[in-house]
Amino acid sequence: MDTILITGGAGFIGIHTSLVLLNKGYKLVIIDSLINSSYIAINRIKSTYKKTNKYPNNISFYKGDIRDISFLRKVFKDSIKLGSEINYVIHFAGLKSVSDSFLEEDKYWDVNVNGTKTLIKVMEENNCFNLIFSSSATLYSEYETSPLRENAKVNVNNPYGKTKLEVEKFLENKIKSSHPNWKIISLRYFNPIGAHSSGLFGENPNNKINNLFPLICRSITNANEELLIFGNDWPTHDGTGVRDYIHVMDLAEGHVSAVEFLNKKIIKSSFLVINLGTGKGTSVLELINIFQKVNKININYKFAERRKGDKAIIFADIRKALELLNWQPKRSIEEMCHDGWEWFLNNPFGYEK
Ligand code: NAD
Ligand code: UDP
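My aim in this report is to walk through the structure given alongside it, one point at a time. Nothing here was measured: the structure is a model prediction, and the numbers come from that model.

1. Observations concerning the sheet that holds strand β4 (residues 86-91)
Line of reasoning, step 1. Strands sit in the order β3-β2-β1-β4-β5-β6-β11 across an open sheet of 7 strands; the sheet is parallel. Both edges of this open sheet fall to β3 (59-63) and β11 (270-276), since each of them pairs with a single strand only. Each strand axis lies, on average, 20° off the axis of its neighbour in the sheet, ignoring direction.
Line of reasoning, step 2. Where strand β6 (residues 183-189) lies against β11, 7 bridges are found, and the strand directions are parallel. From the neighbouring strand, Ile 184 faces β11, where its bridge partner is Phe 271.
Line of reasoning, step 3. Running over the sheet, helix α5 (residues 105-125) touches β1 (3-7), β4 and β5 (130-136) and is turned about 170° from β4.

As structure tokens, this is what we get:
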């Protein structure tokens, strides 16, 4: 079975994707600096996986930074020594907070752009030309209307988005100007929420989180943190912002489909951009109402000013993912609310108790 390098594999999307890939029998080499995750996630995946007893030696973990070229070279060389040469890379590692990216623009550029370039260099040195990259729906221009197709115009207004756009351009140029074997898929995620149904894996909450779902959870457990709904005057059916929430396990399965797609020998050198969302929009109020109903819990909220830089409605056109990857999401908003809350209840402080 193929060996896949997962960068940022201890993180929210990386750990769920790793679970799905392990169940499919892939060998994984996970690397992570643990800057926004915990070794406990890795321990949990190892013990969950051991219980299945299928392929006990299929995960190895290295703590390190993707900007460190000698670290990356060692990871690739070790894998060869162990007889499992890395054939694919799924590149999650990076910094992801839009608001922090305004405060730490250089750091975001260094990790997300320079880190990716270092990774690509080491992949080339090791004749590994299959890459799946974590991109974002934040790239789409605010003037484009949903459902957003992959060929919609891009235009970014925040430093985080600029790093993702720069990497996409860099990767596209690789195809044109470099080794003919490169096969790259850039997956543009919409709004991943929810968690693994075991309650053991989820998004590690950090103080700087400003996404709606973890803030809903925190407003329940922390009486001092009232949920603010940013705007009730958007041009939407109930006045609140509409987004395309996708269960993180559906997103994880999308990566497996992408690996399987690259694995088809008929696919020639290519750079593909593919949306991963559900194709359905849900408003803030709808999400809150479903959360309350599913989890039988009350959420206190109040309306506040619109958040700077927000857009009214963002949801994906997911026909390309269905067509090329034969993938479509299966889980409902109800499951997202149930599983995400279960994780939060079991791990209010994330992996670190
Ligand atoms: P996450 O922060 O949970 O995971 C990222 C992981 O990368 C973390 O475990 C972190 O410790 C690690 N990391 C950070 N810098 C590193 C470095 N220099 N070297 C090695 N490891 C490093 O984030 P996530 O939600 O799992 O997101 C994964 C990817 O998907 C990111 O690239 C993010 O930009 C992208 N993405 C996320 C979302 C979202 O809403 N979660 C949406 C669109 C795109
Ligand atoms: N939102 C909100 N209150 C919050 C955080 C977010 O009302 O505390 C709204 C936000 O305006 C948007 C939606 O929830 O309409 C999703 O926001 P999030 O930051 O999770 O995702 P993004 O806007 O980056 O897609």
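2. Some details on the pattern of salt bridges
Line of reasoning, step 1. Counting across every chain of the model gives 21 salt bridges.
Line of reasoning, step 2. Among the ionic pairs, Arg 73 bridges to Glu 125, the shortest N-O distance being 2.7 Å. Linking Arg 73 in helix α3 (residues 69-81) with Glu 125 in helix α5, this pair joins segments that are 52 residues apart in sequence.
Line of reasoning, step 3. Residue Arg 188 is joined to Glu 168 by a salt bridge in which the shortest nitrogen-to-oxygen separation is 2.6 Å. With Arg 188 in strand β6 and Glu 168 in helix α6 (residues 159-177), the pair connects residues that are 20 residues apart, well separated along the chain.

3. Concerning a nonpolar patch on the surface
Line of reasoning, step 1. Taken together, Val 98, Phe 102 and Leu 103 make up a surface patch of nonpolar side chains, about 310 Å² in accessible area.
Line of reasoning, step 2. By the element assignment, Leu 103 lies in helix α4 (residues 98-103).
Line of reasoning, step 3. Given a relative accessible area of 70%, Leu 103 falls into the exposed group.

4. What to know about the side chain of His 247
Line of reasoning, step 1. With respect to the helices and strands, the residue His 247 is situated in strand β10 (residues 245-247).
Line of reasoning, step 2. A polar contact of 3.5 Å, which involves the side chain of His 247, links it to the backbone oxygen of Ala 195.
Line of reasoning, step 3. At a separation of 3.0 Å, a polar atom in the side chain of His 247 contacts the main-chain amide nitrogen of Met 249.

5. With respect to the site of ligand 2
Line of reasoning, step 1. The full set close to ligand 2 counts 14 residues, and Leu 212, Leu 228, Phe 230, Arg 307 and Asp 310 are the nearest of them.
Line of reasoning, step 2. Residue Arg 307 places a side-chain N or O atom 2.9 Å away from an oxygen atom belonging to ligand 2.
Line of reasoning, step 3. Protein contacts shield 88% of the accessible area of ligand 2, which totals 510 Å² for the unbound molecule.
Line of reasoning, step 4. With 3 residues, strand β8 (residues 227-230) is the single largest residue contributor to the shell around ligand 2.

6. Side note on the nonpolar core
Line of reasoning, step 1. In terms of nonpolar packing, the biggest core is built from 48 residues, with Ile 4, Ile 185 and Leu 187 touching the most fellow members.
Line of reasoning, step 2. In terms of residue count, the dominant contributor to this core is helix α8 (residues 248-263) (9 residues).
Line of reasoning, step 3. Apart from residues no more than four positions distant in its own chain, Ile 185 is found in contact with Leu 131, Ile 132, Phe 133, Ala 258, Phe 261, Leu 262, Leu 272, Ile 274 and Leu 325.
Line of reasoning, step 4. Of all hydrophobic cores here, the second largest spans 28 residues; its members include Val 75, Val 113, Ile 120 and Met 123.

7. Thoughts on the site of ligand 1
Line of reasoning, step 1. By nearness alone, 26 residues border ligand 1, and Ile 13, Asp 32, Asn 36, Ser 37 and Tyr 160 come closest of all.
Line of reasoning, step 2. Within the side chain of Asp 32, a nitrogen or oxygen atom sits 2.6 Å from an oxygen atom of ligand 1.
Line of reasoning, step 3. Relative to its unbound accessible area of 810 Å², ligand 1 is 95% covered by the protein chains.
Line of reasoning, step 4. Sorting elements by how many residues they give to the shell around ligand 1 places β5 first, with 3 residues.
Line of reasoning, step 5. The class makeup of the residues in the shell around ligand 1 is 12 nonpolar, 10 polar and 4 charged.

8. Considerations on helix α9 (residues 284-295)
Structurally, the α-helix is built with 3.6 residues per turn, so residues lying three or four positions apart point the same way.
Line of reasoning, step 1. Helix length check: α9, at 12 residues, gives a terminal C-alpha distance of 16 Å against a target of 16 Å (1.5 Å per residue), a fit within 8%.
Line of reasoning, step 2. Residues of α9 that are buried include every one of Val 284, Leu 285, Leu 287, Ile 288, Phe 291, Gln 292 and Asn 295, and no others. The buried residues of α9 all sit within an arc of 165° when viewed along its axis, so they share a single face.
Line of reasoning, step 3. Where α9 terminates, the next one or two residues include Lys 296, which has phi positive at roughly 50°.

So, how was this worked out
- Residues numbered from 1 in each chain as written.
- Chains lettered and ligands numbered in written order.
- Predicted model: local features only at pLDDT ≥ 70, side-chain atom pairs only at ≥ 80, totals over all residues.
- Heavy atoms only, no water.
- Pairing = 2+ DSSP bridges.
- Helix = DSSP H or I, 4+ residues; strand = E, 2+ residues; numbered from the N terminus.
- Axes fitted to C-alpha atoms, helices over the stretch in contact; angles between N-to-C directions.
- Contact = heavy atoms within 4.5 Å.
- Salt bridge = Lys/Arg side-chain N within 4 Å of Asp/Glu carboxyl O.
- Patch = residues over 30% accessible without salt bridge, like charges linked within 9 Å, V, L, I, M, F, W, Y side chains within 5 Å.
- Areas by Shrake-Rupley, 256 points an atom, 1.4 Å probe, with all protein chains shown as cover.
- Buried < 20%, exposed > 50% of the residue type's maximum accessible area, 1.4 Å probe, protein only.
- Polar contact = N/O pair within 3.5 Å; in protein donor to acceptor, adjacent residues only side chain to side chain.
- Near = heavy atom within 4 Å.
- Core = buried A, V, L, I, M, F, W, Y, C linked by side-chain atoms within 4.5 Å.
- Nonpolar A, V, L, I, M, F, W, Y, C, P; charged D, E, K, R; others polar.
- Expected span 1.5 Å × (residues − 1).
- Arc of directions from axis to C-beta.

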